[in-house]
Every structure is written in structure tokens, then in C-alpha cells.
Amino acid sequence: MTKEKHGFEAEVSRLLHMMVHSVYSDREIFLRELISNASDACDKLRYEGLTNNELLKDAGEFAITIRVDPDKKQLVVSDNGIGMNKEDLISHLGTIARSGTSSFVEKMTGDKKKDVNLIGQFGVGFYSVFMVADKVEVLSRKAGEDKAYNWESDGIGEYTISDAKKDSAGTQITLYIKKDAKEFLDVHRLKNIIKTYSDHITLPINLISKNEEKDAEEKEKTEKVNDGTAIWARPKSEITEEQYKEFYHHVAHAFDDPAMTIHYRAEGKIEYTVLMFVPSQQPMDIFDPARKTKVKLYVKRVFITDDCEDLLPGYLRFMRGVVDSEDLPLNISREMLQNNPVMTNIRNAVTKRVLGELEKKAKKDTDGFNDFWNSFGAVLKEGIYEDFSLRDQILKMSRFNSTADKGLTTIEDYLSRAKDDQDKIYYITADNLAAAKRSPQLEGFKAKGIEVLYFCDPVDEFWLQMVPEFEGKKFVSVTRGSADLKDKKDDKEKENTPEIDALIAVLKANLGEAVKDVRPSNRLTDSAVCLVADDNDMDIHMERILKMHNKLDGALSARVLEINPSNPLIVTLAKEAKKDGSVDKLKDVSQILLDQARIMEGDLPDDPVAFASRLSLMMANSFK
Ligand code: ADP
Ligand code: MG
């Protein structure tokens, strides 16, 4: 095969353009990215090798080698890891596979200065090599395969792939260093970069350079540069914040600062070390339906897998970091990990610890905890319906906005503000805070000074089904059932006026099956109408969520239409309703009232075209 030409994916081209012309001051991060990839590649091969011994046949000791040749202006980074075949090269180094990188590209503005800052925020993986190199060659052979390939590019528009020769599996990346990047051919500079960013990498990182000693026999010398002890195995007191941060970047493939660092060693029947982080930024795929946890499992300092369902519950999937067990066998396979009692033990203990640390944070640092909550509260709340044993604890930690407008509040604080005789916890569910705040159903509660919690995450609807009450007080939706906002003292139901009764009759006659009932409201003070669910019906918002997820067939169920007897429009219509022939005369009005209530719910009118033409007709008539 001669050189096969391929074009980069459009997004990659944009990214590369930016790299090639970069004026980013921390260009040194390219080396961290290459080392991190090499280390991942070795981890992958070691893991594959557990079940397929053949792959390790001629692997030797895993290591990363960096050879610097100032004369040729080359820097060569090699590993004996998993390697890439032709397909891998095309998909991994020609497209944007990684969510972090694609969000980087999305955020790119075209404004060079701003975009350059983004590099620091996101890191851009492999492509960062083009900040320091004119040309890059990736020679790779995948473990278990015979063929090797050479990928080559100057980072502009296209790359080529050709057949090549390589004796063993792994990847060798040659950078032809740019004129203005000569500093990266300097041994001291390189050592410094490796120490700064990659000291914690557990594989040896060997730097090969020209032997400067006079009369030396060997032309080259090799030095192991990194410390290589796993950072989590070192005592806390010896680790700097900066080192924790660098490790977080490496282990999480993230570039924000960790919001929390949890580092401890569990001793006793089962021994393990935990070094985990809570990110400060929400990872892109946090709401991915697969709900994968990303914490890496190590056994006695050896990487086992980052795809281990049993290590943490799905509702802690925002956590990053490692758990290193002393008790599992090194050759443990995926099958053996499932339902393993050691894993179950670790999972339960680590989960409790994380929740405990979050509680501590909530006590010590309200703002910090609220930031955490805004990023990951919706994920953590999945635990309320999923984890029976920790349900109460998670619910207690949960924060919500409310009509009190005091920012995030706990349910306990909500109850402490409630009047003594309030035996319920009132809430409204909605798609977002703005929609919740607009809800007409809140009017009566606000007027009476009764605080209502806003439940704005889809997950709220789900845990509410499992958790009917909190400390003996029932959760009650303000959009369901009849609102008990009457004053306790005047026991007597207020009688409807004959006009209101007439209007109700007219509306029922005109709306028929489209409503379940029509009744006067005591939850409205301003708006004319609103929709509510009957006591035994599904909450309106819940029904909408289920429909959105195709979990529910058919039309939305009929609702109760509540009318506000003190609203001027309703007063006027009620007078009209008493007159002869009012059912016919108020036909359009009835329909518009219902559609109006639907719109306030965030739904469409039943028939938007009919709605518009009725409204047009009425507007035209109003000028007659
Ligand atoms: P990330 O490491 O976050 O996935 P990169 O841009 O750094 O993103 O790398 C893209 C992909 O290219 C990697 O996920 C990996 O599959 C592949 N890759 C990069 N370097 C190597 C290597 N040295 N050995 C094997 N695969 C590699
Ligand atoms: Mg990478």
C-alpha cells in the first residue's frame, strides 16, 4: 500500500487549525497528553492480557520511552501498550471520539484569544502535539495483529496512512519539533515537564538522550524520570494540592479543578485505598442512559478496569478516581468481579463514605455544597428511589428551590419555616425553575404565605412515587386534588353563587369529555383558570415526562378545569352564563379558556389552528 490520503473530520480540522496556529503559553501539556495516552494503552493491554495470555507473549515490561534527538529535532514517545490498527488510527486520530474534545470544539468561538484559553480548560488530547510539531508520525501495531501502520500528518487538512514494519505491539510517536518550540528538545526542560505532570504514572518513564559526558563509551544514556509510586499509596501529608489536581486531570480525563478530594485507606477485614474526586464541572455524558461509573479499579497498584459496575452505584457516577484493593486476585476477570463479596463490601463502604463527606461539606461550606448540588444533585437524587437503605440520608441532603426565594433549601429547613398546623409538604413539579415559578396553581399558596417547594428535575417525579412522606409529613402536589387552602376556622364551605353554578354547567356542556370536571378554585387568586389532576390521577407533569420518553400511549388524560370566581373575566362570563342560549354563545369562550389553561401548563392547545381562529374572531369582534 502506498500512502493513502484521508481528510480529517471537519471538527478536527477546526481544532487542528487552532493548534497549528496556537499562541497558547502552556504548550508543554502536549507531553502530558502523550504520556497519559501511552499509560492508558499499557493498562488496556495488561487488562486484555488477563483473559488472553497470547497478547502478552512478547510484551516485556510495560514502559514509556521518550527519546530526544536535538540534531534531528525529533522527540519520540513510545509505549508497548495495546497499539492501534488501521481502523483505530482512522477513528481515534481522524475524528473526535471523545466527549471532552467535542465540547471543546462546540465552545470554540473563532476568537483566537478566547479559544486559546479553552485549551487550558479542556486539554485536547492527542491533537495538542500540533502546537509544538510541524509534522507527526504515529507508527503503531495492535497487540495480537501482525500488520503495522504509519499515520502521518502536518496537522493541516489531511493525514496519510501507509503499511509499515514494527517488531512488537505498541505505538511510537515521532514529533518533528517546530522551530519556535526548541525548548522541548532540552533534556532538563523535558524532565521538568514529566516531573510536574506525570510523576504519578506508575509505569517507568524512561528518557533517552545524548550522553554529554566526555569520552563516554555509550552514545546515549537512559534515565527513569518519574517517581512512579502510585499517588494514592503515598501518605496524604506528602501530597500537594497541585499533585492531587494533576492526578485528577489524568485519571478523569478532565481539566477542571476537583471540587472535593477524598483520600483514605480502609483497614480491617477488607483493605483498600480510595482516592476519589468530585469534579467541579459537569461531565458531558453525565446523563447518558448507560449511567456508567468511571472510577478505576486497581488491585495492589495494578490497573484492572474502569468499567466495573459493582464498584459504585450509578447515582455516584459523577465521582472520578481510583479504588485500589489489597484483597482481590490480580488476575480477576469481569465475570469474577460480578457479585463478588469483596466488591460489595467496598461498594457499600465507599458509598457511605462519599455521602458522609458530602454531608460534612454541606455543613462547612454552604456555597461549595450548593455548587456541587447544582451540578450533580439531579444524579444523586436517583439514589432516593434506587437505594432503599440510604434513601432517608440522601433525601435529607437534598436541596430544592422554593417559593420562599431563599435559594436552595433542605426539606428540614422548609418544615422549620412552616406554620405549626401545616402537616403537609407542598411541592410543584415542572421542567425548570422558570416554568415552576410561573405556575398559576401557586397563587393561592403564595397569598396565604404557604411555602411550596419547586421540584424541577425529572428524577423528582420518580422518587416521589417511592417516598410518600418525610418525617411523617406527606408530600402533596399543588397541581393535584383539591387545594385545602380554606381557613380552618370557617368550616362551612362557601356556597357557589348561582352565576358560578351556571358557568360551570355551560363549561361542562361545551367541553364534554375534554375535561374531567369543572369546579371553582381556591388555589387561584389572579389567573382565571388552571388545570389540576384529580386526587387519584397521575400528576400532570409526570404524565408529560412519561409521554416524552414514550412510556405512555394515547392522549394526555382529561384534567379538572378550575375557575377563579373572583377573577373579573370569570365574573363577567358567569353573568352571561345565566342568560338564555348561553351554552351556544359561550362555545368559543369555553374552548379558549381550556386552551389558555393548557398553554399555562406549557402544553399546546388541543387544536392550535382552531385556537388561533377563535382568538382572531374574538379580537375582531371586540372592536365592533
Ligand atoms: P483520550 O485519551 O481522552 O481518549 P486522545 O485525543 O488523547 O483522547 O486520544 C484519542 C484516542 O487515540 C485514545 O482514546 C486512544 O484510543 C487512541 N490513542 C492515542 N494514543 C494512543 C497510544 N499511544 N496507544 C494506543 N491508542 C492510542
Ligand atoms: Mg488522551
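Refer to the structure above for everything that follows.
What you see is a predicted model; the values in this text were computed from it and never measured.

Right, let's talk about the side chain of R27 for a bit. Here R27 shows up in the loop between α1 (10–20) and α2 (29–51). Polar contacts involving the side chain of R27 include one to the main-chain carbonyl oxygen of D180, which spans 2.9 Å. In contact with R27, other than residues within four places in its own chain, are M131, V132, D180, A181, E183 and F184.

Once that is clear, we can look at the nonpolar core. In this structure, F318, M319, L380, W463 and F475 are the most contacted members of the largest nonpolar core, which totals 73 residues. Counting the residues that make up this core, at least three belong to each of domain 2 (232–371) and domain 3 (400–477). Setting aside residues no more than four positions away along its own chain, F318 makes contact with F277, V278, P279, I286, F372, F376, V379 and L380. Ranked by size, the runner-up nonpolar core spans 68 residues in total, among them F126, A133, L185 and I201.

This part takes up a nonpolar patch on the surface. Together, Y385, F462 and M466 make up a nonpolar patch on the protein surface, roughly 250 Å² of accessible area in all. Within the secondary structure layout, F462 lies in helix α16 (residues 458–466).

This paragraph deals with the sheet that holds strand β13 (residues 302–305). Read across the open sheet, the five strands follow the order β10-β11-β14-β12-β13; overall the sheet is mixed. With partners counted over all chains shown, the strands left at the sheet margins are β10 (258–266) and β13, one partner each. Within this sheet the neighbouring strands show an average axis-to-axis angle of 20°, counted without direction. Inspection of the sheet shows strand β11 (residues 272–279) paired to strand β14 (residues 320–325) by six bridges, in the antiparallel sense. Looking at the pairing, L275 lines up with V322 of β14. Lying over the sheet, α2 contacts β12 (296–299) and β13, oriented at roughly 70° with respect to β13.

Take the packing of aromatic side chains next. Working definition: an aromatic ring pair is given by the centre-to-centre distance plus the angle between the planes. Applying the stated criterion to the full structure yields 26 aromatic pairs. Here F318 and F372 contribute two aromatic rings whose centre-to-centre distance is 5.5 Å and whose plane-to-plane angle is 65°, an arrangement assigned as edge-to-face. Placement of the pair is F318 in the loop between β13 and β14 and F372 in helix α10 (residues 366–380), with a sequence separation of 54 residues. Considered together, F318 and F372 belong to a single accessibility category, that of buried residues. With a centroid separation of 6.0 Å and 45° between ring planes, the pair formed by F372 and F376 is classed as tilted. Of this pair, F372 and F376 are both found in helix α10, four residues apart, which corresponds to roughly one turn of the helix. Residue F372 shares its accessibility class with F376, and that shared class is buried. Members of the aromatic cluster, joined through ring pairs, are W232, F247, Y248, F277, Y298 and F303. Its guanidinium or amino end placed over the ring of Y176, K135 lies 4.6 Å from that ring's centre, counting from NZ or CZ.

Along the chain, G170 turns up in strand β7 (residues 170–177). When its relative accessible area of 0% is taken as the criterion, G170 is described as buried. In sequence terms G170 and E241 are 71 residues apart; their C-alpha atoms lie 33 Å from each other.

Moving on to empty space enclosed by the protein. In the structure shown here, the tally under the stated rule is three cavities of 30 Å³ or more. Here the largest cavity defines a volume of roughly 110 Å³. Forming the boundary of the largest cavity are 14 residues, of which S39, D43, T202, H250 and Y298 lie nearest the centre. Elements with a minimum of two residues in the lining of the largest cavity: α2, α7 (241–252) and β13. Per-element tally for the lining of the largest cavity: the top contributor is α2, with three residues. Residue composition of the lining of the largest cavity, grouped by class: seven nonpolar, four polar and three charged. Two domains each put at least three residues into the lining of the largest cavity: domain 1 (4–228) and domain 2 (232–371).

Now for the pairing of β14. Burial analysis of β14 places six of its six residues in the buried class, which makes it a mostly covered element. Covered by surrounding structure in β14 are R320, V322 and D324 together with G321, V323 and S325, the residues of both alternating faces. Both β12 and β14 contribute to a ladder of four bridges, which runs parallel. By the bridge assignment, V299 is partnered in β14 with S325.

Tallied over the entire structure, the rule returns 48 salt bridges. A salt bridge links E183 to R189; the nearest nitrogen and oxygen atoms lie 2.9 Å apart. E183 sits in the partly exposed class, given a relative accessible area of 35%. Linking K360 and E357 is a salt bridge whose minimum nitrogen-to-oxygen distance equals 3.4 Å. Placement of the pair is K360 and E357 together in helix α9 (residues 341–364), with a separation of three residues, close to one helical turn. Each of K516, R519, R523, D534, D537 and E562 takes part in salt bridges that share partners, so that together they form one network.

Parameters at a glance
Residues numbered from 1 in each chain as written. Chains lettered and ligands numbered in written order. Predicted model: local features only at pLDDT ≥ 70, side-chain atom pairs only at ≥ 80, totals over all residues. Heavy atoms only, no water. Helix = DSSP H or I, 4+ residues; strand = E, 2+ residues; numbered from the N terminus. Polar contact = N/O pair within 3.5 Å; in protein donor to acceptor, adjacent residues only side chain to side chain. Contact = heavy atoms within 4.5 Å. Core = buried A, V, L, I, M, F, W, Y, C linked by side-chain atoms within 4.5 Å. Buried < 20%, exposed > 50% of the residue type's maximum accessible area, 1.4 Å probe, protein only. Domains from an automatic or database assignment. Patch = residues over 30% accessible without salt bridge, like charges linked within 9 Å, V, L, I, M, F, W, Y side chains within 5 Å. Areas by Shrake-Rupley, 256 points an atom, 1.4 Å probe, with all protein chains shown as cover. Salt bridge = Lys/Arg side-chain N within 4 Å of Asp/Glu carboxyl O. Pairing = 2+ DSSP bridges. Axes fitted to C-alpha atoms, helices over the stretch in contact; angles between N-to-C directions. Phe/Tyr/Trp six-rings, centres within 6.5 Å; stacked < 30°, edge-to-face > 60°. Lys NZ or Arg CZ within 6 Å of the ring centre and 35° of its normal. 1 Å grid on protein atoms, 1.4 Å probe; cavity = no way out; pocket = protein on both sides within 12 Å on 5 of 7 lines; lining within 4 Å. Points joined across faces, edges and corners; volume = space filled by probe spheres on them. Nonpolar A, V, L, I, M, F, W, Y, C, P; charged D, E, K, R; others polar.

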